[in-house]
Amino acid sequence: MTALPLVFDAPKRGLPPRHLADLTAEQRREAVASLGEQPFRANQLSNHYFGRLTVDPDAMTDIPAAAREKLVGDLMPPLWTEVRSVEADAGTTRKTLLRAHDGTLVESVLMRYPDRATLCISSQAGCGMACPFCATGQGGLQRNLSTAEIVDQVRRGAAAMRDGLLPGGPGRLSNIVFMGMGEPLANYKRVIEAVHRICDPAPAGLGISQRSVTVSTVGLVPAIRKLTEENLQVRLAVSLHTPDDELRDTLVPVNTRWKVAEVMEAARGYADRTGRRVSIEYALIRDINDQGWRADMLGKLLRRHLGPLVHVNLIPLNPTPGSKWDASPKPVEREFVRRVKEQGVECTVRDTRGQEIAAACGQLAAEG
Ligand code: SAH
């Protein structure tokens, strides 16, 4: 039989082969042993990946060449190829487009501030939640990312900071937000595993504090409850966008399944268990959800359900292709903040980075 022409050989869309970063420290030792190598090599590999942030076999000189080839070949399949990076805000915001082994594209955004550096990572390629004001939501879901594909975005960001790729010289990646493409709680198991890999101390993981990691959700109530049981210290952010079910059914379509009150109860459970304040994300959209009476309603709702354990992050709506909506005028925004605060609820306006490079909230679409 003759070989099929190459065109039929296109890679299947799917998760990448297993990677070191998919595995716990114990599983890594088992994997190394099953390749016929000494289990301590797992620790050496982990030191390179999680400690030195490298995937370059030539840098792993403590492992004999033959073993190195076998171990890297089996346990470190290439995950991401950088397609391009674009910068904004005088270089302190950097959006990177990454291509997976199967051609899938995602974006992550690194933002450097005077006192910290935050990486906004993707948990899925695309998103299935279909929020009409979000560019990612408009494109639909392509696939979940693997644990290692999530972790490797962080490894790359941490290496970029260490190597001083952003103005300000070498620094440390301090914060991670699951606010890139995708709904993290719809890729639950892999995201939780990724949190462990991101937060476990090196060489088991990348050693970023759980308290500096934020998981943002549209409000998948059963998944929030499950997260509550994980005994993590990560911050929970809930994309609420309006306090009433009628409008939320249209802005966040999953609200037709889990209503505002249920989302509030689940968020309260999380806050009680962890002692951590929940962030409420609220994209302020002109004449849609920015009325003074809605600010009062939001403040009352949050005070009633979450008491002091809440903070509102207002996000001036970022423009997305084909959307008829825009941000509220500044005086309307200021009045909204004032009225939420009047209810005793903390409220700040998020400084929007990277708008001109389509790197801001809701603008990630990963077009090649
Ligand atoms: N799916 C998760 C994670 C994405 S976080 C979630 O929705 O929480 C991205 C945040 O940006 C969410 O709060 C989202 O609602 C918000 N967002 C989406 N589109 C936006 C836009 N056009 N302008 C401002 N914020 C937007």
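If you look the protein chain up in an unreviewed UniProt entry, it shows as Probable dual-specificity RNA methyltransferase RlmN from Actinosynnema mirum. Here the protein chain is described in UniProt, under the heading Subcellular location (unreviewed entry), as follows: "Cytoplasm". Reading the Sequence similarities (unreviewed entry) entry of the UniProt record for the protein chain gives the comment "Belongs to the radical SAM superfamily. RlmN family."

1. As for the site of the ligand
Surrounding the ligand, one finds 21 residues, the nearest of these being Phe133, Ser216, Ser239, His241 and Asn318. Note that a nitrogen atom of the ligand is positioned 2.9 Å from one of the backbone N or O atoms of Phe133. One of the backbone nitrogen or oxygen atoms of Cys361 is found 3.4 Å away from a nitrogen atom of the ligand. For the ligand, the protein covers 95% of the area, taking 530 Å² as the surface of the free molecule. At the level of secondary structure, the elements contributing two or more residues to the shell around the ligand comprise β8 (213–217) and β10 (278–284). Split into classes, the residues belonging to the shell around the ligand amount to 10 nonpolar, 9 polar and 2 charged.

2. Looking at the packing of helix α5 (residues 147–162) against helix α6 (residues 188–199)
Two elements in contact, α5 and α6, have axes separated by 8 Å at closest approach and are oriented at 40°. For α5 against α6, the interelement crossing comes out right-handed. Where α5 approaches α6, its residues Thr147, Ile150, Val151 and Val154 are matched on the opposing element by Arg190, Val191, Glu193, Ala194, Arg197 and Ile198. Of the residues assigned to the contact of α5 with α6, the class counts are 6 nonpolar, 1 polar and 3 charged.

3. What to know about unusual backbone geometry
Across the junction of Ala202 and Pro203, the peptide omega takes the value 5°, indicating a cis bond. Turning to its location among the elements, Pro203 is positioned in the loop between α6 and β8. Even without a glycine there, the phi angle at Ala90 is positive, about 55°. Tracing the sequence through the fold places Ala90 in the loop between β1 (81–88) and β2 (93–99).

What counts and how
- Residues numbered from 1 in each chain as written.
- Predicted model: local features only at pLDDT ≥ 70, side-chain atom pairs only at ≥ 80, totals over all residues.
- Heavy atoms only, no water.
- UniProt positions renumbered as here; feature names shortened; annotations may be inferred.
- Near = heavy atom within 4 Å.
- Polar contact = N/O pair within 3.5 Å; in protein donor to acceptor, adjacent residues only side chain to side chain.
- Areas by Shrake-Rupley, 256 points an atom, 1.4 Å probe, with all protein chains shown as cover.
- Helix = DSSP H or I, 4+ residues; strand = E, 2+ residues; numbered from the N terminus.
- Nonpolar A, V, L, I, M, F, W, Y, C, P; charged D, E, K, R; others polar.
- Axes fitted to C-alpha atoms, helices over the stretch in contact; angles between N-to-C directions.
- Left-handed = near helix turned anticlockwise from the far one by under 90°.
- Contact = heavy atoms within 4.5 Å.

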